[in-house]
Amino acid sequence: MNFSKSGLVAVSLAALVASGCSTSRFSSMDDQQPAPLQPAPAGQVTSNQLPPPASPGTTDPSKFPTAPANTQVASLPPDGQAPAGAADLSAAAVAGVWNASVSGQSCKIATPQTKFGAGFRAGPLHCPAPIDSIKSWNVAGKQLTLYDENGGSLARLYSSGGSKFDGQTSNGQPISLTR
């Protein structure tokens, strides 16, 4: 018999494919069923107030991270009006990433100009309550307002000059934003 190289390769390849389709190496798995899962433990569910977060390995509040000692937060007038000298704001002036200080605790807040609800989307990063719930922001005149997911005001701030805003949260905590 006289076979060509390409004919021999084709016959060999066809034989390999045919033998691969009829393998029995996985047939033993078809007979095995997984073991049944154990039910989750049932019991009484209780709730308690959690303690404030602590730095790793400490429960001493004096060792919690705080804002630098030279950070000063201007107080707002009691009537909620803008402090003397506060500048008119624009969304472009507020957009960006801010270093926030809330009652001496530091975090970051992103304020992109991405439309969201009646203002713009906002994103807190490792912020304490209530600022950890910020979902949006907007400016009106001299005031920057930070809102929760329901559109409730979480904080009001005013420009303190340059790249700094000072104000207070809805529960009266001082808040400052700097770049």
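Residues numbered from 1 in each chain as written. Predicted model: local features only at pLDDT ≥ 70, side-chain atom pairs only at ≥ 80, totals over all residues. Heavy atoms only, no water.

A.B. asks: Help me understand the overall build of the protein chain, please; the structure alone is not making it clear to me.
C.D. replies: Counting its regular elements, the protein chain contains three helices and ten strands. Across the 179 residues that make up the protein chain, the buried fraction comes to 23%. The long-range share in the protein chain, meaning contacts at least 24 apart out of those at least 6 apart in sequence, stands at 39%. When the accessible area of the protein chain is evaluated, it comes to approximately 12500 Å², of which 57% is carbon and sulfur surface. (Helix = DSSP H or I, 4+ residues; strand = E, 2+ residues; numbered from the N terminus. Buried < 20%, exposed > 50% of the residue type's maximum accessible area, 1.4 Å probe, protein only. Contact = heavy atoms within 4.5 Å. Areas by Shrake-Rupley, 256 points an atom, 1.4 Å probe, with all protein chains shown as cover.)

A.B. asks: Mind showing me how you'd approach the packing of aromatic side chains here?
C.D. replies: Within a pair of aromatic rings, the relevant descriptors are the distance that separates the centres and the angle that separates the planes. Counting across every chain of the model gives two aromatic pairs. Between the aromatic rings of Trp98 and Phe165, the centroid separation amounts to 5.2 Å while the plane-to-plane angle is 75 degrees, which identifies the pairing as edge-to-face. Of the two residues, Trp98 sits in strand 1 (residues 96-102) while Phe165 sits in strand 9 (residues 164-169), which places them 67 residues apart along the sequence. (Phe/Tyr/Trp six-rings, centres within 6.5 Å; stacked < 30°, edge-to-face > 60°.)

A.B. asks: Looking at this structure, how should I read the state of the cysteines?
C.D. replies: One way to say it: the disulfide is the covalent bond shared by the sulfur atoms of two cysteines. Per the stated rule, a full pass over the model turns up one disulfide. Here Cys107 is linked by a disulfide to Cys127, with a sulfur-sulfur distance of 2.1 Å. Negative torsions about the S-S bond denote left-handed disulfides, and the value of about 90 degrees found for Cys107 with Cys127 makes this one right-handed. In this pair, Cys107 is assigned in strand 2 (residues 105-111) and Cys127 in the loop between strand 5 (123-125) and strand 6 (136-140), connecting sequence segments 20 residues apart. Of the two residues examined, Cys107 and Cys127, each falls in the buried class. (Disulfide = S-S within 2.5 Å.)

A.B. asks: Got a minute to help me understand the sheet that holds strand 2 in this structure?
C.D. replies: In sheet architecture, strand pairing relies on hydrogen bonds along the backbone and comes in two forms, parallel and antiparallel. Taken in spatial order, the ten strands make up an open sheet running 3-4-6-7-8-9-10-1-2-5, and their pairing is antiparallel. Looking at which strands have only one partner, the edges of the open sheet turn out to be strand 3 (115-116) and strand 5. Where strand 4 (residues 119-121) lies against strand 6, two bridges are found, and the strand directions are antiparallel. Bridge assignment links Arg121 to a residue of strand 6, and that residue is Ser136. (Pairing = 2+ DSSP bridges.)

A.B. asks: Hey, could you run me through the nonpolar core in this one?
C.D. replies: Here is a general trend for soluble globular proteins: nonpolar side chains tend to be buried in one another's company. Within the largest apolar cluster, 23 residues are counted, with the highest numbers of intra-cluster contacts made by Ile131, Trp137, Leu144, Leu146, Leu157, Phe165 and Leu177. Setting aside residues no more than four positions away along its own chain, Leu144 makes contact with Leu89, Val94, Trp137, Asn138, Val139, Ala155, Arg156, Leu157, Phe165 and Leu177. (Core = buried A, V, L, I, M, F, W, Y, C linked by side-chain atoms within 4.5 Å.)

A.B. asks: Just checking my understanding: could you explain the pairing of strand 10 (residues 174-178) for this structure?
C.D. replies: Each regular strand shows side chains that alternate between the opposite faces of the sheet. Both strand 1 and strand 10 contribute to a ladder of four bridges, which runs antiparallel. Pairing of Ser101 across the sheet is with Ser176, part of strand 10. As paired elements, strand 9 and strand 10 share five bridges and run antiparallel to each other. Bridge pairing links Gly167 to Ile175 in strand 10. Counting the residues between successive antiparallel strands, the hairpin from strand 9 to strand 10 contains four residues, one of them, Gly172, with a positive phi of roughly 90 degrees.

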